[in-house]
Amino acid sequence: MPGLRSVAAALLVLLFAAPAGAVPARDLYEQACASCHGADGRGAPAGTAIAVPLPDFTDCVFATAETTANWVGLVREGGRFLGMSSQMPAFGDVLSDEEIRAVLTYVRGFCPEPGYPIGDLNYRRPVFVEKAFPEDEAVAATAYESARHTRASTTELSVEKRVGRRGQVEVAVPSSVVDRDGRTAGVGDVALEYKHVLLASPSRRTVLSAGLAVELPTGSRRHGVGAGTTLVTPQLFSAHAVERLVAQVQIRGELPADPARAPRQMRYLFALQYPLGPYKKNFVPALELEQTQALDAAVHAATLLGPTLYLPLSRRGHVALGVGSQLPVAGIRPFNWRLAAFLLWEYRDGPFWAW
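Reading guide: rules and limits
- Residues numbered from 1 in each chain as written.
- Predicted model: local features only at pLDDT ≥ 70, side-chain atom pairs only at ≥ 80, totals over all residues.
- Heavy atoms only, no water.
- Helix = DSSP H or I, 4+ residues; strand = E, 2+ residues; numbered from the N terminus.
- Buried < 20%, exposed > 50% of the residue type's maximum accessible area, 1.4 Å probe, protein only.
- Contact = heavy atoms within 4.5 Å.
- Areas by Shrake-Rupley, 256 points an atom, 1.4 Å probe, with all protein chains shown as cover.
- Lys, Arg positive; Asp, Glu negative; His and termini not counted.
- Charge placed at Lys NZ, Arg CZ, Asp CG, Glu CD.
- Pairing = 2+ DSSP bridges.
- 1 Å grid on protein atoms, 1.4 Å probe; cavity = no way out; pocket = protein on both sides within 12 Å on 5 of 7 lines; lining within 4 Å.
- Points joined across faces, edges and corners; volume = space filled by probe spheres on them.

(A) Layout of the overall build of the protein chain. For the protein chain, the helix and strand inventory stands at six helices and 13 strands. Considering only C-alpha atoms, the protein chain reaches an extent of 75 × 35 × 30 Å along its principal axes. Burial status across the protein chain gives 44% buried among its 355 residues. Counted over contacts in the protein chain with a minimum sequence separation of 6, partners at least 24 positions apart contribute 55%. When the accessible surface of the protein chain is split by element, carbon and sulfur atoms take 61% of a total near 17000 Å². Between the mean site of the 35 positive side-chain charges and the mean site of the 34 negative ones, the protein chain shows a separation of 3 Å.

(B) Inspection of the pairing of strand E12 (residues 319–331) at higher detail. Judged from the nine bridges that link them, strand E11 (residues 302–312) and E12 form a sheet pairing that is antiparallel. For Thr308, the partnering residue across the bridge sits in E12 and is Gly324. Hairpin connection, E11 to E12: the antiparallel pair is bridged by six residues, and Gly317 has positive phi, about 85 degrees. Pairing between E12 and strand E13 (residues 337–345): eight bridges, direction antiparallel. Counted as the bridge partner of Gly324 is Ala340 from E13.

(C) The layout of surface pockets, seen in detail. In this structure, the second largest pocket encloses a volume near 810 Å³. Lining the second largest pocket we find 32 residues, and of these His37, Pro55, Phe57, Phe62 and Met84 sit closest to its centre. Those elements that provide at least two residues to the lining of the second largest pocket are helix H2 (25–32), helix H3 (34–37), helix H4 (60–65), helix H5 (68–77) and helix H6 (97–108). The leading source of residues in the lining of the second largest pocket is H6, at four residues.

As structure tokens, this is what we get:
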């Protein structure tokens, strides 16, 4: 098994190598990684004993999208740390965290195109606030709300796909069940969205994006499952981390083609998160706030507040559950209470069942 023997030999070389910090990142990669991942980062040559597909580090999305913490944990602890192949050995006994980070910087350098935001800015998804970082993921979301004379539940299936270095397209298909003087159900208004990262600053731990969503009147307004008019929504998204705290903001301007059918209004959404560890598999409790502002006199403002929790379901963190609630705390009461949840799958990171 030449591949595994070469890894063992590399570990011995590193164990008796020069003191920490004395070996350049390129040499560390060539000694510890190249026998499996190839000198050019495209994967080992034929003839090794590696039984699983190897990543291509020249794929810029793969090289940049994962968090540094996840990759450090993988290199330090081995493949099982993230639920990946046990053929990925642990280097924690022979490499310091500084050396591991230096190798990761070298690996990300295999990406031939600059400008891709790195995964350290990909903060966890809130329940009610849309995040700024572009994703390759599928999401099933549901919400149930209770008002004085109405009970309603909505389920939305969405697929997000990265486009180019900083873009993302999304298609979302909702369906609703409304119980008001009899129960009605149907497909709601299909939404199309494009998002683009304007600023990605790892040193400031800040990401800023702009987007445009269009909701098409595919649902039935008469049955209460659609607006009955096209809705255009320009948006801004931002996220910023200070030590352990993460603040995520979304600003939406909802502009219907027919204001008589849907309100013209602004929505300001804010999530304050506190990740319980550095890895994507750590839980993330949060407090989320939503404020509406009328653009027409007929629309009344509401302030909604509630706790949420992000619960990773896989060791890599690519499958996760989010749960939360909202209560009106000021202004009008669009409902008495709302419960919401989502299940997400970052499909580029591995199979859904790879937990």
